[in-house]
Every structure is written in C-alpha cells, then in structure tokens.
Amino acid sequence: MRSEFRTTEARSTMGPVTEQRPAEPLTEHVHRLTRRLRAFDRRHPLLWDAHFTGFWVLAALVDYYGRGWRTTAHDLDVPGGLLLALSLGFSVPLLGRRSHPRAVLLLMAPVAFVNAWSGAALQASLLQLVVLYHIALRLPLRTLWWAAPLLTAPVVVSAVRYGEGAWHQQVGSHLTSILVAALIGVTVRSRRSYTEALEDRARRLEIERDQQALLAAAAERARIAREMHDIIGHNLSVITGLADGGRYAAAKSPQRAAQALDAIGATSRQALSELRRLLDVLREEEKEEAALTPQPGLTDLDRLLAGVRDAGLPVRTTVHGRPDLPPGRQLTVYRVVQEALTNTLKHAGPGATSEIDLSYGAGGAVTVTITDTGRGGPAPASSDGRGLPGMRERTALYGGTLEAGPRPHPERGWRVCLQLPEEVPQ
C-alpha cells in the first residue's frame, strides 16, 4: 500500500530517522543533578574549593594529632612543629588547585623534599597527585614532562636516604600512581572536550535547522505572494474592463450592461476565493515587495515538457477531459509536474522514461499522475529546502491530496499523484 505524502515528506526533509530510546528515569535524574551541581560550581567556584580544601586540611590534622603518621614514617623523632607545617603545606595550597595548578605544585615541591629528607613520609604528600590531575585536565600536556619528575624526585631522595625496602619498588609504585592520575586527567579532559564539541554541534545544527526552515518558508511565501499578485491583478484588470464597458453600454443596451455585471460578480468571487486560500499561507506580512514575474499555467506545459525532453528524459503525456481550471489550480498542476520531472531528471538515472496522465473533471477537479522508470528508492530531497514540502503546501491550498513514493514491486521507479477536488462555490 502506498504511503501517504506526509510520510514521504518527512523522509525527504529529515533524511533517515533513527528512533531514540527514552533515557532511564534514574539516568535522567543523575544527569539533571550533575548539571545542577556543575552550574552551581560555575557560579560559586570558591565555595566548592573551600569545602574540598577544608576536608583535606582536616584529614591532615587528624593524621597529625592522631599519630597516624607514625605508621608510615621513616624517622619517628621528627619535631611536632615540622610535622604540623608539612601537613598544612600539603593541604592548604589545594585551594588554588583549579585556578593555578602549576603554582600550587611548585609551592608543594619544597614541602615534599623536606618531607622526604626528614623521614616524616606523611601520607598527605599524595595530595600532589590531585594537583597533577588538574594539570593534566587544564594545562598543556607538555607540562607533565617536568611535573612527573618533580613528583618523583622526593621519593628517590627518601629511598636513597633511608633505604627501607627495594628502592625500585618504591619509585615504581610512585610512578604508577603518577601515571594513573595523569591518565585520569587526560581522560576526563578528552571526555569534556568531546561533550562540549557535541553540545556546540547540536546548538549549531539546531540554529541551522531553524534558519533553513525560516528561509524555506519565506521563499515559499514570497513565491506565493507573486502568484497572488498575478491572479488578483489579472482578475481586477478584468473587473475594471468589464465595469468600464458596462458603464458605456448602460445607456444604449441595458441587457449587455447586466451581462457585464454578472461577469464582474463571477470574477470577483473567483478572486476572493483565490485570495482566501493564499492568505491561509501568507499569515505574516511580507517585508519585501513582491516580484512581478508572470506565473505559468497549463498552456506552458508543452514548453516545460519540450525542455525536459531536450534534457534527455523521454516523456509521454495522456490527457483525459477538457482543461477548465482557474489560474491558481493551473499553477499548482504546473508546479507539481515540474517538481516531479525535475526529481526524475536528478535521481532516476540513465535510460529512465516518464509518463504523465492528466484527468480533468467537472468543477475544477483534476488528477495528475507522474510516473518514471528510474531507480526508485528513498524520497529525493530538494536542494533548496522545498521540493515535496512545497508541493504539499500548494496542494493544501485547494484541499487536495498528494501521494509520492516508489512504485509497487515489481515495477521500478517513482510515482507522484496529485488530486484536487471540485471547487466549492463561494
């Protein structure tokens, strides 16, 4: 069964659509909470830094006053004042780890050397890995070439001075910790850059989509405005001529004057009917003056088909009934045929042929079927952003239907079918 036009239009304008699964409620909740925390951190960075630094200062003081440092120290006779200074020297500088990580690491370096030389071996020295993480996250990666040796040197000093255990195991273990901290920083940095790039691309695509939609709508409205100018202008010109002739005939031939008045009424009703349909689309006032380009009708179909044949596409035409359509409907038929043949020329491939079947009914009803023997496949997308959507908008003006899609198997090619119902008397 052939698909309705709106399905084809969606494929034409949007391309292949990938169905997206809704996010899990828990995942969505975590994402929302994370976004709020990040937004709060961007607005109040000092508050988070103060809490983070305060936690590690408290941990360092607990390690000092609780004598937990004695479990890792090489020398248990280190003065208490020096231990307190070393504990604060490793923890307090964390306040500037995000804004100035390089300066914080350089500030901790002398503290680390004193810690290694004195034999205190405070566990607070591992806080340097937090600073290294921020260096890998925020600074050029070449900074790691001197930061890693700077963190390794105190471990080498401690291993040489006190020699407890295999020195290469101590240095190797510390190098592994440095490598892990740096890799975590680089990974988070890459992930953050990738996410920012995706968000920026999504914003750009959304803006571009909106702009293309606005441009396509504006271009179509401008085109319809030109058509309105031609249709209404033509009818008003006829009305003016009939009114002038009726005025002159009123004195000599009242019967001809009455006929002129009847013609004026019919022409006026037709103009009002066309105007109502077009104003449904032109809801916004056009800012630029409409161009005065004449619009084609059924009499121009022969010239259109001749041009298509000259371009290399054989076209066969079959006409049923007598064409008696108002200008607006003629233009709709012309544009649909034009768009269908254009898509055939673009997408059908070599050796394709096309066939047009026009059936005219009473009261302005018309059925147009355009088929080709090309490759078929997905709906062709118009380069100017209109294509099938523009055909649908024209068809909707007269309450018609438009079907477009591949021909049923085993036939090959594409089929476009336009149906316009009879005009409703105004």
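Heads up: the structure comes first, above all this text.
Throughout this document, residue positions are counted from 1 along each chain, in the order its sequence is written. This being a predicted model, a pLDDT of at least 70 is required before a residue's local features are given, and a value of 80 or more before pairs of side-chain atoms are given or counted; all residues contribute to the totals for chains, interfaces and linings. In computing side-chain properties, one takes all heavy atoms of the structure into account and sets aside hydrogens as well as water.

**Student:** Break down the packing of helix 5 (residues 101-118) against helix 6 (residues 128-138) for me, with residues and values.
**Tutor:** Only C-alpha atoms enter the line fits that serve as axes; for helices the fit covers just the stretch in contact. Angles between N-to-C directions range over 0 to 180 degrees. Secondary structure elements are defined from DSSP: runs of H or I of at least 4 residues count as helices, runs of E of at least 2 residues count as strands, and each element is numbered from the N terminus. One way to put it is that helix 5 packs onto helix 6 with a least axis distance of 9 Å and a crossing angle of 155°. The pairing of helix 5 with helix 6 is recorded here as roughly antiparallel in orientation. The handedness of the crossing between helix 5 and helix 6 comes out as left-handed. Contacts between helix 5 and helix 6 involve P101, R102, V104, L105, M108 and A112 from the first element and Q128, V131, H134 and I135 from the second. We call Asp, Glu, Lys and Arg charged. Ala, Val, Leu, Ile, Met, Phe, Trp, Tyr, Cys and Pro are nonpolar, and the rest, Gly among them, are polar. Of the residues assigned to the contact of helix 5 with helix 6, the class counts are seven nonpolar, two polar and one charged. By the definition adopted for this analysis, an angle is roughly parallel if under 35 degrees, roughly antiparallel if over 145, roughly perpendicular if from 65 to 115, and oblique otherwise. What makes a crossing left-handed is the near helix being turned counterclockwise from the far one by less than a right angle; a clockwise turn instead makes it right-handed. Only heavy atoms matter for contacts: two residues are in contact if any of them lie within 4.5 Å across the pair.

**Student:** Could you give an account of the pattern of salt bridges, naming the residues involved and the relevant values?
**Tutor:** When the charged atoms of two side chains lie near each other, side chains of opposite charge can form a pair. Any Lys or Arg side-chain nitrogen located within 4 Å of an Asp or Glu carboxyl oxygen qualifies as a salt bridge. Inspection of every chain in the model, using the stated rule, returns nine salt bridges. R98 serves as the salt-bridge partner of D49, at 2.9 Å between the closest nitrogen and oxygen. Taken together, the residues span a long stretch of sequence, with D49 in helix 3 (residues 45-65) and R98 in the loop between helix 4 (80-91) and helix 5 at a distance of 49 residues. The buried label goes to any residue with under 20% of its type's maximum accessible area, the exposed label to any with over 50%, and the partly exposed label to all in between, with areas taken from a 1.4 Å probe on protein chains only. Accessibility expressed as a relative area gives 8% for D49, which makes it buried. Looking at R98, the relative accessible area reads 17%, which means it is buried. A salt bridge links R203 to D200; the shortest N-O distance between them is 3.7 Å. Of this pair, R203 and D200 both sit in helix 8 (residues 167-252), three residues apart, roughly one helical turn. Salt bridges sharing common partners tie together D49, R97 and R98.

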